[in-house]
Amino acid sequence: MSPLTTHMRQATCEEVGCDQFRQGWRVHLEALTPDLVHEARTARCVVNGRQVPYRYREERVAEGQTYLVFEAGQPCFRVAEHRAPIGRPPLYLVRDGDHRGNPRGTKARFHQRPDNWVEDFAEHQQALADEIKKG
C-alpha cells in the first residue's frame, strides 16, 4: 500500500503519461450546463509557470453535436488529480477489525515483503472459509 499523503505527490500530465495531454481531448458542449460550457471555454492552464488560456477549436459535427476540441500538449482538466510516487517503499500493513473498526484495539502488523502480506491475507481468508464451513 502506498498512501497518497505519505508516498505520492501531485504530478503533471506529462509525468504520468496522461492520454489527454498526449493526444488532446474533446468536450461535448450539449452535454454540459451553461455554467460548465462557460468554464470550459474560459479555463486557463499553467504552462512554464504562467497562466494561459487553453488552446481549442469548436467543432460542429451535426445538430446537437458540438465539441470543444483541445490540442495535445497542454494540461488536461484533471491535472490536479494526477499523482506520482516519491520513492518511498510501500507499506505492507495488516490491521484487525471489521465494519465497526478495530474494537479490540490490536496493533497493526507490518510485513517487509509483499509475498508475506499476500500469504497472511490468504491464511486469514482460509480461516474465515473454515469457520463458515463449520457453520
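Note that this is a predicted model, so its numbers are computed, not measured.

### A look at the confidence of the model for the protein
- In the predicted model, the protein carries a mean pLDDT of 91, and 99% of its residues have values of at least 70.
- Taken element by element, the predicted model of the protein shows its lowest mean pLDDT in helix 1 (residues 4–7) (80) and its highest in helix 3 (residues 19–23) (97).

### What to know about the packing of aromatic side chains
- A full pass over the atoms with the stated rule returns eight aromatic pairs.
- With centroids separated by 5.4 Å and ring planes inclined at 75 degrees, the aromatic side chains of W25 and F77 adopt a geometry described as edge-to-face. Here W25 is found in strand 2 (residues 25–28), whereas its partner F77 is found in the loop between strand 6 (65–70) and strand 7 (83–85), with 52 residues between them in sequence.
- The exposure class of W25 is buried, given its relative accessible area of 9%.
- Through a chain of ring-to-ring contacts, three or more aromatic side chains come together here, namely W25, Y54, Y56, F70 and F77.
- Directly above the ring of Y67 sits R26, whose terminal nitrogen or CZ lies 3.9 Å from the centroid.

### Observations regarding the environment of V52
- Mapping V52 onto the fold places it in strand 4 (residues 50–53).
- Given a relative accessible area of 16%, V52 falls into the buried group.
- If sequence neighbours within four positions are ignored, V52 has contacts with R44, C45 and V47.

### Observations regarding the side chain of D120
- Along the chain, D120 falls in helix 5 (residues 114–134).
- The exposure class assigned to D120 is buried, which follows from its relative accessible area of 17%.
- Within the structure, D120 has its side chain in polar contact with the side chain of R109 (distance 3.3 Å).
- Setting aside anything within four residues of it in sequence, one finds D120 in contact with V94, R109 and H111.

### Some remarks on the sheet that holds strand 2
- Reading across the sheet, the three strands line up as 2-6-5 and stay open at both edges, with antiparallel pairing between neighbours. Looking at the sheet topology across the chains shown, the edges are occupied by strand 2 and strand 5 (56–62). Averaged over all pairs of adjacent strands, the angle between their axes in this sheet comes to 30 degrees, without regard to strand direction.
- As judged from the four bridges shared by strand 2 and strand 6, these two strands associate in the antiparallel manner. Bridge assignment links V27 to a residue of strand 6, and that residue is L68.

What counts, and where the lines are drawn
Counting from 1, residues in each chain are numbered in the order their sequence is written. The predicted nature of this model means local features are confined to residues of pLDDT at least 70 and side-chain atom pairs, given and counted, to a pLDDT of 80 or more, with totals for whole chains, interfaces and linings taken over all residues. Note that water and hydrogens are dropped before the side-chain values are worked out from all heavy atoms of the structure. The pLDDT value tells you how sure the predictor is about a given residue, anywhere from 0 up to 100. Each helix is a run of DSSP H or I of at least 4 residues and each strand a run of E of at least 2, with the numbering of both proceeding from the N terminus. Two rings belonging to Phe, Tyr or Trp (six-membered ring only in the last case) form a pair when the distance between their centres is within 6.5 Å. Interplanar angles under 30 degrees mark stacking, angles over 60 mark edge-to-face geometry, and anything in between is tilted. For every residue, the accessible area (1.4 Å probe, protein chains only) is compared with the maximum for its type, and the residue is labelled buried under 20%, exposed over 50%, or partly exposed between those bounds. We call a charge positioned over a ring when the NZ of a Lys or the CZ of an Arg lies within 6 Å of the ring centre and within 35 degrees of the ring normal. Should any heavy atoms of two residues lie within 4.5 Å, those residues are considered in contact. In protein, a polar contact means a hydrogen-donor-capable atom and an acceptor-capable atom, both N or O and within 3.5 Å, with residues adjacent in sequence counting only if both atoms are side-chain atoms; elsewhere, any N or O pair within 3.5 Å suffices. DSSP bridges decide pairing: two strands pair if at least two such bridges lie between them. Axes here mean lines fitted to C-alpha atoms, for a helix over just the part in contact, with angles spanning 0 to 180 degrees between N-to-C directions.

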